Amino acid sequence: MKAKHRYDAVAANLKDLLDKRDALRQKKLLDAIAQSGRSYEEIMQYLQNKPGEE
């Protein structure tokens, strides 16, 4: 039982850290998009292009 409680605590901590990492990545991505000067359409077109399709 001790191992299970310890595992659950570590798993919860990992999930919290991963959530924080994802939130930070999203913020950085949104900041980069806002500073890029590109339009929504330009960004979406770039993201949807396959490599070598430019």
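Structural data are supplied above this passage.
For clarity, every value in this text was computed on a predicted model and none was experimentally measured.

Asker: Where do I start with the overall build of the chain in this structure?
Answerer: Counting its regular elements, the chain contains two helices and zero strands. Relative to the compact-globule value of 10 Å for 54 residues, the chain shows a C-alpha radius of gyration of 19 Å, a clear excess of over 25%. For the chain, the spread of C-alpha atoms along the principal axes amounts to about 55 × 25 × 15 Å. When the accessible surface of the chain is totalled, it reaches about 5500 Å², and 58% of it is carbon and sulfur. Averaging the positions of the 11 positive and the 9 negative side-chain charges in the chain gives two centres separated by 12 Å.

Asker: How should I be thinking about the pattern of salt bridges in this particular structure?
Answerer: Opposite charge on two side chains permits pairing when their charged atoms draw close. For the structure on display, the rule yields five salt bridges. Residue Lys4 pairs with Asp8 through a salt bridge whose shortest N-O separation is 3.1 Å. Placement of the pair is Lys4 and Asp8 together in helix H1 (residues 2-36), with a separation of four residues, close to one helical turn. Of the residues examined, Lys4 reaches a relative accessible area of 48% and is grouped as partly exposed. Measuring nitrogen to oxygen at the nearest pair gives 2.9 Å for the salt bridge that ties Asp31 to Lys27. Taken together, the residues span about one helical turn, with Asp31 and Lys27 both in helix H1 at a distance of four residues. Its relative accessible area of 34% is what places Asp31 among the partly exposed residues.

Rules and cut-offs
Residues numbered from 1 in each chain as written. Predicted model: local features only at pLDDT ≥ 70, side-chain atom pairs only at ≥ 80, totals over all residues. Heavy atoms only, no water. Helix = DSSP H or I, 4+ residues; strand = E, 2+ residues; numbered from the N terminus. Rg over C-alpha atoms; globule rule 2.2 N^0.38 Å. Areas by Shrake-Rupley, 256 points an atom, 1.4 Å probe, with all protein chains shown as cover. Lys, Arg positive; Asp, Glu negative; His and termini not counted. Charge placed at Lys NZ, Arg CZ, Asp CG, Glu CD. Salt bridge = Lys/Arg side-chain N within 4 Å of Asp/Glu carboxyl O. Buried < 20%, exposed > 50% of the residue type's maximum accessible area, 1.4 Å probe, protein only.

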